[in-house]
Amino acid sequence: MHQENNQTGKNILYVVATPIGNLQDITLRALEILRSVDVIAAEDTRNTTRLLNHFAIGVKLIAVHEHNEYQAATRLIEMLQSGKSVALVSDAGTPAVSDPGAYLVAKVREAGLRVVPIPGANAAIAAFSAAGITEPHFLFYGFLPHTASERKRELAALKATPHTLVFYESPHRILASMADLREVLGGARTVTIARELTKVFETIHTCTLEEAPDWLEADSNQQKGEFVLLVSGAEVAKEEGVGEEAQRILQLLLTEMPLKQAVKLAAEISGEKKNALYELALQLKKDEG
């Protein structure tokens, strides 16, 4: 049996996910929490006011964004300690996930106060669910660096990752970032471009990194909005057994010394794994017999 807890408590920070586009994607629980807390800590009070007005919610707002999060954390912790309840929201989606809020959450937890997640919309998960990617593992990176040099350095570090890479990108950097993805990771990889998710002009398009820049440039409308990019991971090289040179070395050594010594020396000379060489040596002896 599932036990529901919808009662708003004191001394609690609620981390509330809000819609990424379609306002109907807010959860019933999120609405109940937003109506019942003492204060809502918002990334941008203007954006959040529009959301609250839509649902006729009139709770007091406090701005908590990347430029004041350190100072705001102290104030909010004092409020929580005095018995208040606070809801943390970002402009869209889940707070503290490539959005402000992580520092505040950490400080609230350090103060021994309770943090309760109110799950809901998330652009990365929404894009992944609709991309048809059968590989179950992914690495969520978030926003790439703003400058080309830093972006390429980060991508180079991610190049060998075998899992789907998930990036967020803004409209004014999408072309530059896509060009760098193609340059660093290679044009053969698959990318799913998800933009304006849950909004009127939602687009989910899959192509290769080689084709992606041309697709974006063919229609300037496809360069607008917020992006989630899902890039296929590096192909894992299959083990192909012992190399030809190592096989030749092993065969020569087996004619001159006992099997274990031959394997040990062949491994030292060739750099191949001893276990693989041992299996090969056994097979060679068996074939000879």
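Here's a quick rundown of the structure.

What counts, and at which threshold
- Residues numbered from 1 in each chain as written.
- Predicted model: local features only at pLDDT ≥ 70, side-chain atom pairs only at ≥ 80, totals over all residues.
- Heavy atoms only, no water.
- Pairing = 2+ DSSP bridges.
- Helix = DSSP H or I, 4+ residues; strand = E, 2+ residues; numbered from the N terminus.
- Axes fitted to C-alpha atoms, helices over the stretch in contact; angles between N-to-C directions.
- Contact = heavy atoms within 4.5 Å.
- Buried < 20%, exposed > 50% of the residue type's maximum accessible area, 1.4 Å probe, protein only.
- Parallel < 35°, antiparallel > 145°, perpendicular 65-115°, else oblique.
- Left-handed = near helix turned anticlockwise from the far one by under 90°.
- Nonpolar A, V, L, I, M, F, W, Y, C, P; charged D, E, K, R; others polar.
- Salt bridge = Lys/Arg side-chain N within 4 Å of Asp/Glu carboxyl O.

### So, the sheet that holds strand E1 (residues 12-16)
- Taken in spatial order, the 5 strands of this open sheet run E3-E2-E4-E1-E5, and their pairing is parallel. The outermost strands of the open sheet, each flanked by one partner alone, are strand E3 (60-63) and strand E5 (114-118). With strand direction ignored, the average angle separating the axes of adjacent strands in the sheet is 25 degrees.
- In the sheet, strand E2 (residues 39-42) pairs with E3 via 4 bridges, with the strands oriented parallel. Directly across from Ala42, in E3, lies its bridge partner Ala63.

### With respect to the sheet that holds strand E8 (residues 190-195)
- Strands sit in the order E6-E7-E10-E8-E9 across an open sheet of 5 strands; the sheet is mixed. Here the strands that pair on one side only, and so sit at the sheet edges, are strand E6 (138-143) and strand E9 (203-208). The average undirected angle you get between the axes of adjacent strands in this sheet is 15 degrees.
- Examined bridge by bridge, E8 and E9 share 6 bridges and lie antiparallel to one another. Within E9, the residue paired with Arg195 across the bridge is Thr203.
- The strands touched by helix H7 (residues 174-185) within the sheet are strand E7 (164-169), E8 and strand E10 (227-231), with E10 carrying the most contacts at an inclination of about 10 degrees.

### Some words on the pairing of E1
- Counting buried positions along E1 gives 5 out of 5 residues, so the element sits mostly inside the fold.
- Of the two faces of E1, both are covered, the one formed by Ile12, Tyr14 and Val16 as well as the one formed by Leu13 and Val15.
- Bridge count between E1 and E5: 5 bridges; the pairing is parallel. In the sheet register, Val15 faces E5, and the bridge partner there is Pro117.
- By the bridge criterion, 3 bridges tie E1 to strand E4 (residues 86-89) in an arrangement that is parallel. Its bridge partner lying in E4, Tyr14 is registered against Ala87.

### Some thoughts on the packing of helix H6 (residues 148-158) against H7
- Running from N to C, H6 and H7 point in directions that differ by 40 degrees, and their axes come no closer than 10 Å. Taken together, the axes of H6 and H7 are oblique relative to one another. Handedness of the H6/H7 crossing: right-handed. Of the residues in H7, those touching H6 at Ala148, Arg151, Lys152, Leu155 and Ala156 are Ala176, Ser177, Asp180, Leu181, Glu183, Val184 and Leu185.
- A breakdown of the residues in the contact of H6 with H7 according to their chemical character gives 7 nonpolar, 1 polar and 4 charged.

### Here's the deal with the pattern of salt bridges
- Applying the stated criterion to the full structure yields 9 salt bridges.
- The residue Lys152 makes a salt bridge to Glu183 at a minimum N-O spacing of 3.4 Å. Taken together, the positions of Lys152 in helix H6 and Glu183 in helix H7 put the pair 31 residues apart, joining distant regions of the chain.
- Judged by its relative accessible area of 54%, Glu183 falls in the exposed class.
- Between Lys199 and Glu196 there is a salt bridge whose closest N-O contact spans 3.6 Å.

### Some words on the pairing of E7
- Counting buried positions along E7 yields 6 of 6 residues, so the element is predominantly enclosed.
- Burial along E7 is two-sided: Thr164, Val166 and Tyr168 and Leu165, Phe167 and Glu169, pointing in opposite directions, are all buried.
- As judged from the 5 bridges shared by E7 and E10, these two strands associate in the antiparallel manner. Bridge assignment links Tyr168 to a residue of E10, and that residue is Val228.

### Examining the environment of Ala72
- When you line up the elements, Ala72 lands in helix H3 (residues 69-81).
- Judged by relative accessible area, which is 8%, Ala72 ranks as buried.
- Placed 10 residues apart in sequence, Ala72 and Ile62 show a C-alpha to C-alpha distance of 8.6 Å.
- Sequence-distant contacts of Ala72, that is, excluding residues within four places in its chain, are made with Ala63 and Val64.

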